[in-house]
Amino acid sequence: MSYVRKILICSHNNQFLVDGQGPLKQAFSVQWAQTAEAFHFLMSEWEPDVVFYDIDAAISIDLKTIRQNHCPSELLVYSFSKNWRTSTQEQHLKGGIDDTFPVPVDPKLLV
């Protein structure tokens, strides 16, 4: 991937929406999905370069299908969770997540 232009945030966390979009929107085009339907629509129609996925959200995504059918192979997927542990990180990495972060995530560090 040459550079990141589009970021999709998949979360039900409205506080992250308020706090996180400011710094990210200054540098990237950002979309927000709070439902599985919105997430899958944006994946297929908008084709983001990076996905930030809130593991704590009750939003179910099938990462293998997404990587195969909706996006370029260079898609980066990062997860974040309030219940982050090393064991959780290892499980997510095996499931196709590129990296995981504990919450709260400082959005300025993501830019």
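Residues numbered from 1 in each chain as written. Predicted model: local features only at pLDDT ≥ 70, side-chain atom pairs only at ≥ 80, totals over all residues. Heavy atoms only, no water.

**Student:** Explain the nonpolar core to me, please; I cannot follow it from the model alone.
**Tutor:** In summary, soluble globular proteins display a tendency toward joint burial of nonpolar side chains. Among the nonpolar cores identified, the biggest contains 17 residues, and Leu8, Phe39, Met43 and Val51 are the most heavily contacted of them. Secondary structure elements with two or more residues in this core: strand S1 (6–10), helix H2 (36–45), strand S3 (50–54) and helix H3 (63–69). Considering each element in turn, this core owes the most residues, three residues, to H2. Excluding residues that lie within four positions of it along the chain, Val51 makes contacts with Leu8, Phe39, Met43, Leu75, Leu76, Val77 and Tyr78. Of all hydrophobic cores here, the second largest spans 10 residues; its members include Ile9, Leu24, Val50 and Phe80. (Core = buried A, V, L, I, M, F, W, Y, C linked by side-chain atoms within 4.5 Å. Buried < 20%, exposed > 50% of the residue type's maximum accessible area, 1.4 Å probe, protein only. Helix = DSSP H or I, 4+ residues; strand = E, 2+ residues; numbered from the N terminus. Contact = heavy atoms within 4.5 Å.)

**Student:** What's the story with H2 in this structure? I'm lost.
**Tutor:** Because each turn of an α-helix spans 3.6 residues, side chains separated by three or four positions in sequence point in the same direction. What H2 keeps buried is the set Phe39, Leu42 and Met43. On an axial view of H2, the arc spanned by its buried residues comes to 100°, and they lie on one face. Facing away from the buried side of H2 by over 90 degrees, the exposed positions are Glu37, Phe41 and Glu45. Just downstream of H2, Glu47 is the residue with a positive phi angle, here 50°. (Arc of directions from axis to C-beta.)

**Student:** How should I be thinking about the packing of aromatic side chains in this particular structure?
**Tutor:** How two aromatic rings sit relative to each other is set out by the distance from centre to centre and by the angle between their planes. Taken as a whole and assessed by the stated rule, the structure comprises one aromatic pair. With a centroid separation of 5.6 Å and 25° between ring planes, the pair formed by Phe52 and Tyr78 is classed as stacked. Taken together, the residues Phe52 in strand S3 and Tyr78 in strand S4 (residues 76–81) connect sequence positions 26 residues apart. The exposure classification of Phe52 matches that of Tyr78, with both residues buried. (Phe/Tyr/Trp six-rings, centres within 6.5 Å; stacked < 30°, edge-to-face > 60°.)

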